[in-house]
Amino acid sequence: MPLQIQKSSWSTTELEDLRDLARTFCQKELVPNQERWAAEKKVDRELWTKAGEVGLLALSIPEEYGGGGGTFAHEAVLYEEQARSGDSAWGVTVHNGIVAHYILEYANEEQKKAWLPKFASGEMVGAVAMTEPGTGSDLQNIKTRAVRDGDHYVINGAKTFITNGFHADLVVVAVKTDPEAGAQGVSLIAVETDTPGFSRGRVLDKIGLKGQDTAELNFDDVRVPAANLLGAQEGLGFIQLMQQLPQERLIIAVTAVAGMEAAIDQTIAYTKDRQAFGRPVYNFQNTKFKLAEAATEAAVSRAFLDQCIERHLRKELDVQGAAMAKLWTTERVNKVVDDCLQLFGGYGYMTEYPIARAWADIRISRIFGGTSEIMKEIISRTL
């Protein structure tokens, strides 16, 4: 009997139909390609257009811009099914849930009409470039510069750890437009990657997320139209980032909880089938107790996540709540998956087993989107 998951309070019949579509797509297009994508360090470019054809891209973007016209709940369903399939290669969370919304919220009308329909079709893949070789969570000290030159900005600098970096056609880049102004000197500029001076560095070799095209990006006198500045004026980038980070952190929480549930399911099935000392591993008290703890962790995390999703759908999820959701769920999933791997014994360390890949994949969840330590700092400021 798999883990019994209470239907989410925000779920509807329409969303469950979407879940069926997403599950079918993930099982058909993602699951069979895991080993090859891990070896190649990227998914197939055609995956994006296939997803666009079945309507899984830009789910929460209004129909007037070619999107699905849905809400964050539609996105959450897709991310849950991707996580449950065991895939960590396809950067759809960044494309759908992050980059498309920077364009929707801050681009001008002409840019929205030019870019968002291509996001929905898969013709254009999105990435966001914040982190630099010398800066992690300290975004106000980024070094990438954008200097105004007539009707253009000239961008110079380097970014690293960029999800979708290899395939990206449009990158939202955090730059300094006023290097003396600290956080008030940060701006966001959209860069089309066929612009002269833009180049991609290596696709990075990571502990986990092996199939994800996490890359280095370089900007060498990249000239982009001044209209590509997101927002009405320079210096709004830090505010824009802060406005969008709660959704990014909620996305991480969604995938963490779904990943936790999937790991528990796999471990229940394995321990009931695996024999040791003449009986199923599940029948040992330690196994039962560990899985009881894990199931409780997942149930509590699911309840809190559902509450946060409801708040986000009402536009009430604040920075503190999103930080709590990310902190709690990512710390829990790391503990649960580690405990589950232990119950697999030596086989849990073999990458042919999904639990081994999940263990390596989820470790980054405590780092990206703001480290657990940064989440604690954010939460503590509101106490």
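Summary of the structure given here. Remember, it's a predicted structure, so these values are computed and weren't measured experimentally.

**Concerning unusual backbone geometry**
Item 1. Unlike most non-glycine residues, Ala58 shows phi in positive territory, near 55°.
Item 2. Taking the relative accessible area as the measure of exposure, Ala58 reaches 1% and is therefore buried.
Item 3. Here the phi dihedral of Lys315 falls at roughly 60°; this positive angle occurs in a residue that is not glycine.
Item 4. Checked against the element boundaries, Lys315 lands in the loop between helix 8 (285-313) and helix 9 (319-343).

**Some remarks on the layout of surface pockets**
Item 1. There is about 510 Å³ of room inside the second largest pocket.
Item 2. Contributions of two or more residues to the lining of the second largest pocket are made by helix 4 (72-85), helix 5 (92-106), helix 7 (237-273) and helix 8.
Item 3. For the lining of the second largest pocket, the per-class residue count stands at 6 nonpolar, 8 polar and 3 charged.

**Some points on the environment of His101**
Item 1. Relative to the elements of secondary structure, His101 occurs in helix 5.
Item 2. In the structure, His101 is positioned 140 residues away from Leu241 in sequence and 11 Å away in space, judged by C-alpha atoms.

**Topic: a nonpolar patch on the surface**
Item 1. On the surface, a cluster of nonpolar side chains totalling about 440 Å² of accessible area is made up of Tyr347, Tyr349, Met350 and Trp359.
Item 2. Within the element layout of this structure, Met350 appears in the loop between helix 9 and helix 10 (354-362).

**Observations regarding the pattern of salt bridges**
Item 1. Counted by the stated rule, this structure contains 24 salt bridges.
Item 2. Arg19 serves as the salt-bridge partner of Glu16, at 3.3 Å between the closest nitrogen and oxygen. Residue Glu16 and its partner Arg19 are located together in helix 1 (residues 13-30), separated by 3 residues, close to a single helical turn.
Item 3. Judged by relative accessible area, which is 21%, Glu16 ranks as partly exposed.
Item 4. Residues Glu132 and Lys159 are paired through a salt bridge, measuring 2.9 Å at the closest nitrogen-oxygen approach.

**A few points about the packing of helix 1 against helix 4**
Item 1. One can describe the packing of helix 1 onto helix 4 by two numbers: an axis separation of 9 Å at closest approach and a directional angle of 35°. Here helix 1 and helix 4 pass one another in a crossing that is right-handed. Contacts from Glu14, Leu15, Leu18, Arg19, Ala22, Arg23, Cys26, Gln27 and Leu30 of helix 1 reach helix 4 at Ala73, His74, Val77, Leu78, Glu80, Glu81, Gln82, Arg84 and Ser85.
Item 2. Residue composition of the contact of helix 1 with helix 4, by class: 8 nonpolar, 4 polar and 6 charged.

Rules behind the numbers
Each chain carries its own residue numbering, running from 1 in the written order of its sequence. Totals for whole chains, interfaces and linings use all residues, but because this is a predicted model, local features are given only for residues with pLDDT of at least 70 and pairs of side-chain atoms are given and counted only at 80 or more. The side-chain quantities take in all heavy atoms of the structure and omit both hydrogens and water. Partly exposed residues are those whose accessible area sits between 20% and 50% of the maximum for their type, while under 20% is buried and over 50% is exposed, using a 1.4 Å probe and protein chains only. Only DSSP runs of H or I with at least four residues qualify as helices, and only runs of E with at least two residues qualify as strands; both kinds are numbered from the N terminus onward. Here the term cavity refers to a set of points on a 1 Å grid, laid over the protein atoms alone, in which a 1.4 Å probe fits but cannot get out; the term pocket refers to an open set having protein on both sides within 12 Å along at least five of seven lines, with lining residues being those that place an atom within 4 Å of a point. Grid points are joined across faces, edges and corners, and a volume is the space filled by probe spheres set on the points. Each residue gets one of three labels, nonpolar for Ala, Val, Leu, Ile, Met, Phe, Trp, Tyr, Cys and Pro, charged for Asp, Glu, Lys and Arg, and polar for the others, Gly among them. For patch detection, residues must exceed 30% relative accessible area and be free of salt bridges, and they are connected within 9 Å for like charges or within 5 Å for nonpolar side chains (Val, Leu, Ile, Met, Phe, Trp, Tyr). Note that accessible areas follow from Shrake-Rupley with a 1.4 Å probe, and for residues the cover is restricted to the protein chains shown. By definition, a salt bridge exists where a carboxyl oxygen of Asp or Glu is found within 4 Å of a side-chain nitrogen of Lys or Arg. Here, axes are lines fitted to C-alpha atoms. For helices the fit covers the stretch in contact, and angles between N-to-C directions go from 0 to 180 degrees. Handedness of each helix crossing follows the sense of rotation of the near helix against the far helix: counterclockwise by less than a right angle gives left-handed, clockwise gives right-handed. Any pair of residues with heavy atoms lying within 4.5 Å of one another is described as a contacting pair.

By themselves, these are just geometric observations and shouldn't be taken as functional.
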